[in-house]
Amino acid sequence: MNQCRLRSLVRIRRSLALGLRGTDHRLLARQALRTIQTTGQGRGVHDLDSFANGCSAAYIEGLYKKWKRNPKSVDESWNELFSGNDRTTTNRRPLPASHSRKNRRPPVERTVVKARSGERTASGGASAAPAAPPSDWKNIDDHHVIQAIIRAYQSRGHLAADLDPLGIVGPKKHTSVDGTQRHAAREVLRQHYSYIFSDLNTMFKLPSSTMIGGDEEFLTLKEILDRLERIYCGHIGVEYMQITSLTKTNWIRDRFEKPGGFDLTKAEKKLLLERLTRSTGFENFLAKKFSSEKRFGLEGCDIMIPTIKEVVDRATDQGVESILIGMAHRGRLNVLANICRKPISDILSQFHGLKATDSGSGDVKYHLGMFQERLNRQTNRMVRITVVANPSHLEHVNPVLLGKARAEMFQRGDTSGSKVMPIIIHGDASFSGQGVVYESMHLSDLPRYTTYGTIHIVTNNQVGFTTDPRFSRSSRYCTDVARVVDAPILHVNADDPEACIQCARIVADYRTRFKKDVVIDLVGYRRNGHNEADEPMFTQPLMYQRIRKLKPCLQLYAEKLIKEGVVTDSEFKAMVAEYEKICEDAWTESKAVKTIKYSSWIDSPWPGFFEGRDRLKLCPTGISIETLKTIGNMFSSPPPSEHKFETHKGILRILAQRTQMVQDKVADWSLGEAFAFGSLLKEGIHVRLSGQDVERGTFSHRHHVLHHQTEDKVVYNSLDHLYPDQAPYSVCNSSLSECAVLGFEHGYSMASPHALVMWEGQFGDFCNTAQCIIDTFIASGETKWVRQSGVVLLLPHSMEGMGPEHSSGRIERFLQMSDDDPDVYPDTCDADFVARQLMNVNWIVTNLSTPANLFHCLRRQVKMGFRKPLINFSPKSLLRHPLARSPFKDFNECSSFQRLIPDKGPAGKQPECVKKLVFCTGKVYYDLFKERDDHEQVETVALVRVEQICPFPYDLISQQLELYPTAELLWVQEEHKNMGAWSYVQPRFDTALLKNENESRCVSYHGRPPSSSPATGNKVQHYTEYKALINSVFGELTPENKKRLEDQVKKQQAKAKADAQSKPSTKPPSSPPKGGSPPPAPTGPAPRKPLISMPSRPPRGGSSGKQRTGSAPAPDLVDEASAARNSEPDSPAHDGASPSAWKRSGSAPAPSLAPRASASRSPAPAHDGVSPFTREESSRKKRSGSAPAPTQSPSGPLRTAPSKPVFIKRRPEKESQRNPEESKLDPTKPER
């Protein structure tokens, strides 16, 4: 009987014991178990149970049912088995359970005993089992035990490894029968522990699962145990058996177990001693010269420097050209001096407290990074080494380094990580304690984030600041987090330099071979306290008593080599004296240094970018209409028919809407964004968009990546196919992480200025969990480290009643960290004022309200002569708002980014009539626009949008203040008073007003009152707050206002009813009954079926027949059919109508601002601040600022759909297959 069948039958026996099988299986199992007993008496049924898995019972049951239906449908062997046991019985008594496993004797003590007559067998019967065939069962069992012992060492040998140089934590040795002391105890060998006290001279054949024998096939038990002890329980403890790949485990086993693999030549030992001398000598020199200075030295883990140098040598020999190092402060100065070869005089000058000649705040010396390209003397190859600057937040540099490494791979065309390699140096407490480590490691295998293997080196001090490991982590090792990605973990005693070097070679080769993460845990100690001024005896007295008595690693290794005859004592002393002289010479040079430059420590230089460039020149951001049409047509088209790509019906509707907009020469938010991306791709600029759900968009508006509806992993991105020579476009959904992913994208943006790198939050306030990256890298990176970045943060933001965690992007935090002075009015007469203002601020903060401004803002990021982070608070409801659209003329060569958008309506034409000048930003403008029309204050209230909040547009603000000299000044925001932009703009408005001596006005605040919560989650309270905000600006609606709004709604209802009666029915004829005749064809021309249809449903919160009352007619920009195209069933709730209108009507807002019924389609002019109703009442002529009206089709509303592509695989959706709940789902409100 083969093993598979045996395992399956044993599983059935288990189920029978629980009474879970029918009687058909009972007799089958009994006969099978008799067979099992016959072939396995030497081992017993219990051993067979140990390898039976949970899938076998279901597998056997499925085979049996299949055999009952058709005996020929199963294998012949199963047919023979089942055919002899298909009997029925009424006896369903469950079989007795087997004996407990804990009563089993050790396998080595088992002997073959014939079953006596009448003795109960393992299957529960009373008949005797047949005797086992003659064989040497004891010898077979012994070989099995040896195999189990070998596997125990491979799996758990690290538990008994001698890793602690202090001897505080370590295994206790046990003496065997031959007097040999061995580390492996019951913790490793478990039930086989007693076997090591047997006859050690017994010869055994080695199994294929080990390579300890080399070319030998047979070894004695003593030799087997000795070799396993040296490999797995020495100064190296290796964790690798958790890896699921057999290829990887065999590779590691081969490197560790083959005899002679760890031997070093005399030359290699001498080089190691020299490198260790430099590492220790540098720390000793700094301790001698700066005994009271903080430097976070490496004493106690000095071997880290030779370990890194060995990794660098190995990697460069295998073709790596660029190595990036991320680390915290401990040992950083040593790395800069001995790995990067930063001149020691430059490092020492940082201790002298010299003045910097360039701008910025600088940083402490043990946070600085650098960039160096040098010759590796061991491999005679050039290598670029970068140490990334890092704040005190330890592990938060990890994702930044990974992003920078990934960007370098992209620039070099390295698609396998063979030219660029990241190394991250961790601390033991931070590696296990900080969540960003876990987040970063989970990026290791994601296609758009992988760096094809990162080498992690842990400098394990066995203490975190003053906290003992017993109180700082729950896991056994600080490196257990790496097990989640199946990374091999090599624990090594840091006082054994040769073992550390062997581990360095293995991890470098493993990364080259498999392109996966790998970890070295250098278990050492910290000779001083947390820093050199700290007293560690306060908290770790016993540990530091041992440390005081322990010789340094350099002295121990030098004594070892002198004893071996590799070097002499005089040669060693000469090494020490030579390096000390190098440090003394550098000390002398450093005294001559009078000033320092922050820029000499930059870690991300951009060669050739700033040379010959006018940084104050702002290049045009507009593009030609032809380019707009090309991008728009491609972006609105489904995949070509030759792709045989089956597209979702909802996507086809969206594409048809985009096609219509391109024909109308108007763009919504998604199209404006696509124009920015596509035009940059055409110009050779790499565009990368990353974040949670960015491929589709959180609010289902983007849809850059289309998914085949019947085939997996088949996608289509139209922006990848705009031009033959375009740059690559990367849009990638990220893991559900903000901190690591934002850090990754920031690092990506550091590598090159010739890329637009964006991170989009699912909601704006999700940046809360990435605040460390924002504060310490993005906001202050240039000031501290002279490091520019053009990363873009897109944070959805607006108050729409979606609760505290889905409303605010926390504008106030970003504005508070802006470094422009609120009390200094800049020189606005400077011709380069705009560019100079941008260059002098630490970042740019915008809250845009039009697609055209988004387009220009994104393109400006790349067109500037420098790079600044951009924080844009992107909209939610405006993504589909009919008014939040821009005509093509706002994208052309004559257009540019508008830092401030003035009022272009009657108020702007007659400023002397304006009583209130309202400044606002973002989505609230559309609420104010609607309410201003409802209150009939179009001519007396001017609405001015501040699009760029930081840096503050003083020049444009002053122009508006002069234009409306008598108007009351208001700042209106939808956020609470202690949030939003108010605290930022208030002092800057005061500065602008004080500039004019005749000015006596001040700006008053209108918005929500202060609150600790960003927003309310109660709809009633949200409406109440909204109403109070509107009333504070416009006052209560007058009876005349209410009457006018009611008349407008009645007029719309009557018009909709008349249109519904005049329109012919488009309902398809019902299908004839079976065998009946088809329905007669309709006479006359067939009615034109709309290419875009929307499901019919009542407005949110009201019945199907209910309409809004008491509100003004919405701007007549689009007809009903177009409104349906512009609004999906799952669009955001807010559509531009005021909550006051909803309250007055007793119903929730309709899907769009378009009239519910409109017979004809009106042109879509540029939004100019005037409602169509006011335009009709005042009989004003159309202003020149409006867009040209598209040609009206004589046959009805403009409706287009792609006609060329043929979707071969598309299948009509059956009515019965539709999910009735589908229309109720709202993708605008995803749950975390």
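Residues numbered from 1 in each chain as written. Predicted model: local features only at pLDDT ≥ 70, side-chain atom pairs only at ≥ 80, totals over all residues. Heavy atoms only, no water.

(A) View of the confidence of the model for the protein chain. This prediction gives the protein chain a mean pLDDT of 80; 77% of its residues lie at or above 70. Ignoring residues within four places in sequence, the model shows residues 85-126, a span with pLDDT below 50, making 76 contacts including any to other chains. Here residues 1066-1232 is a poorly scored stretch, pLDDT under 50, and it has 311 contacts once near neighbours within four places are set aside; other chains count. (pLDDT = per-residue confidence, 0-100. Contact = heavy atoms within 4.5 Å.)

(B) Region of the structure containing the packing of aromatic side chains. Summed over all chains, the structure comprises 31 aromatic pairs. Relative to phenylalanine 610, the ring of tryptophan 606 has its centre 6.1 Å away and its plane inclined at 20°; by these criteria the two rings are stacked. Residue class for phenylalanine 610 comes out partly exposed when judged on its relative accessible area of 23%. A ring pair is formed by phenylalanine 919 and phenylalanine 989, whose centres lie 5.0 Å apart and whose planes are at 50°; its orientation type is tilted. Of this pair, phenylalanine 919 sits in strand β26 (residues 916-920) while phenylalanine 989 sits in helix α34 (residues 982-994); the two residues are 70 residues apart in sequence, bridging distant segments of the chain. Neither phenylalanine 919 nor phenylalanine 989 differs from the other in exposure class; each is buried. Members of the aromatic cluster, each reached through a chain of ring pairs, are Tyr825, Phe919, Phe952, Tyr954, Trp971 and Phe989. Positioned above the aromatic ring of tyrosine 449, the side-chain terminus of arginine 688 is 5.2 Å from the ring centre. (Phe/Tyr/Trp six-rings, centres within 6.5 Å; stacked < 30°, edge-to-face > 60°. Buried < 20%, exposed > 50% of the residue type's maximum accessible area, 1.4 Å probe, protein only. Helix = DSSP H or I, 4+ residues; strand = E, 2+ residues; numbered from the N terminus. Lys NZ or Arg CZ within 6 Å of the ring centre and 35° of its normal.)

(C) Inspection of the pattern of salt bridges at higher detail. One pass over the structure, following the stated rule, counts 50 salt bridges. Across the pair glutamate 584 and lysine 289 runs a salt bridge, and its minimum N-O distance is 3.7 Å. Linking glutamate 584 in helix α21 (residues 569-591) with lysine 289 in helix α10 (residues 266-289), this pair joins segments that are 295 residues apart in sequence. You can call glutamate 584 partly exposed: its relative accessible area is 26%. Here glutamate 683 and lysine 863 are joined by a salt bridge, their closest N and O atoms 2.9 Å apart. Residue glutamate 683 is located in the loop between α24 (669-682) and β16 (686-691), and its partner lysine 863 is located in helix α30 (residues 851-863); the two are separated by 180 residues in the primary sequence. (Salt bridge = Lys/Arg side-chain N within 4 Å of Asp/Glu carboxyl O.)

(D) Region of the structure containing the side chain of glutamine 973. Tracing the backbone shows glutamine 973 in strand β29 (residues 968-976). Its relative accessible area of 2% is what places glutamine 973 among the buried residues. One polar contact links the side chain of glutamine 973 to the main-chain carbonyl oxygen of glutamate 975, over a distance of 3.4 Å. Looking at glutamine 973, its side chain comes within polar contact range of the main-chain nitrogen of tryptophan 982, at 3.1 Å. Aside from chain neighbours lying at most four places away, what touches glutamine 973 is Met979, Gly980, Ala981, Trp982, Tyr1005, His1006, Gly1007, Arg1008 and Leu1029. (Polar contact = N/O pair within 3.5 Å; in protein donor to acceptor, adjacent residues only side chain to side chain.)

(E) Inspection of unusual backbone geometry at higher detail. For the peptide bond that leads from cysteine 950 to proline 951, omega is -5°, which places it in the cis range. Locating proline 951 in the fold gives a position in the loop between β28 (948-950) and α33 (954-963). One non-glycine residue, serine 700, lies in the positive phi region at around 55°. Tracing the backbone through its elements, the reader meets serine 700 in the loop between β16 and β17 (706-707). Despite not being glycine, glutamate 936 shows a phi value in the positive range, around 55°. In this structure glutamate 936 comes out as partly exposed when scored by relative accessible area, which is 41%.

(F) Spatial organisation of the pairing of strand β8 (residues 370-376). Where β8 lies against strand β9 (residues 381-387), seven bridges are found, and the strand directions are antiparallel. Its bridge partner lying in β9, asparagine 376 is registered against arginine 381. Once β8 ends, the chain turns through four residues before running back antiparallel as β9, passing asparagine 380 with a positive phi of about 60°. (Pairing = 2+ DSSP bridges.)

(G) Spatial organisation of the sheet that holds strand β30 (residues 1003-1008). An order of β25-β27-β26-β29-β30 is seen for the five strands of this open sheet, with the pairing classed as mixed. The open sheet terminates on both sides in strands that have one partner only, identified here as β25 (900-901) and β30. Pairing analysis gives five bridges linking β26 to strand β27 (residues 941-946), with the strands arranged parallel. Looking at the pairing, valine 918 lines up with leucine 943 of β27. Docked against the sheet, helix α32 (residues 924-934) engages β26, β27 and β29, running at close to 170° with respect to β27. Relative to the sheet, α33 contacts β25, β26, β27 and β29, its axis offset from that of β26 by approximately 160°. (Axes fitted to C-alpha atoms, helices over the stretch in contact; angles between N-to-C directions.)

(H) The arrangement of the environment of arginine 511 in detail. Mapped onto the secondary structure, arginine 511 falls in helix α18 (residues 497-514). When near neighbours in sequence (up to four residues on either side) are disregarded, arginine 511 contacts Met409, Gly417, Val420, Met421, Pro422, Thr451, Tyr452, Gly453, Ile455 and Lys516.

(I) View of the side chain of asparagine 376. With respect to the helices, strands and loops of the structure, asparagine 376 is situated in strand β8. A distance of 2.9 Å separates the side chain of asparagine 376 from the side chain of aspartate 313, its partner in a polar contact. At 3.2 Å, the side chain of asparagine 376 and the backbone nitrogen of threonine 379 are in polar contact. Setting aside anything within four residues of it in sequence, one finds asparagine 376 in contact with Val312, Asp313, Thr316, Arg381 and Val383.

(J) Local environment of helix α35 (residues 1019-1034). Between its first and last C-alpha, α35 extends 22 Å over 16 residues, near the 22 Å set by a 1.5 Å rise per residue. Looking only at α35, the buried set comprises His1022, Tyr1023, Glu1025, Tyr1026, Leu1029, Ile1030, Val1033 and Phe1034. Burial along α35 is one-sided: seen end-on, the buried residues are contained in an arc of 165°. Remark: glycine 1035 follows α35 within two positions and exhibits a positive phi of approximately 85°. (Expected span 1.5 Å × (residues − 1). Arc of directions from axis to C-beta.)

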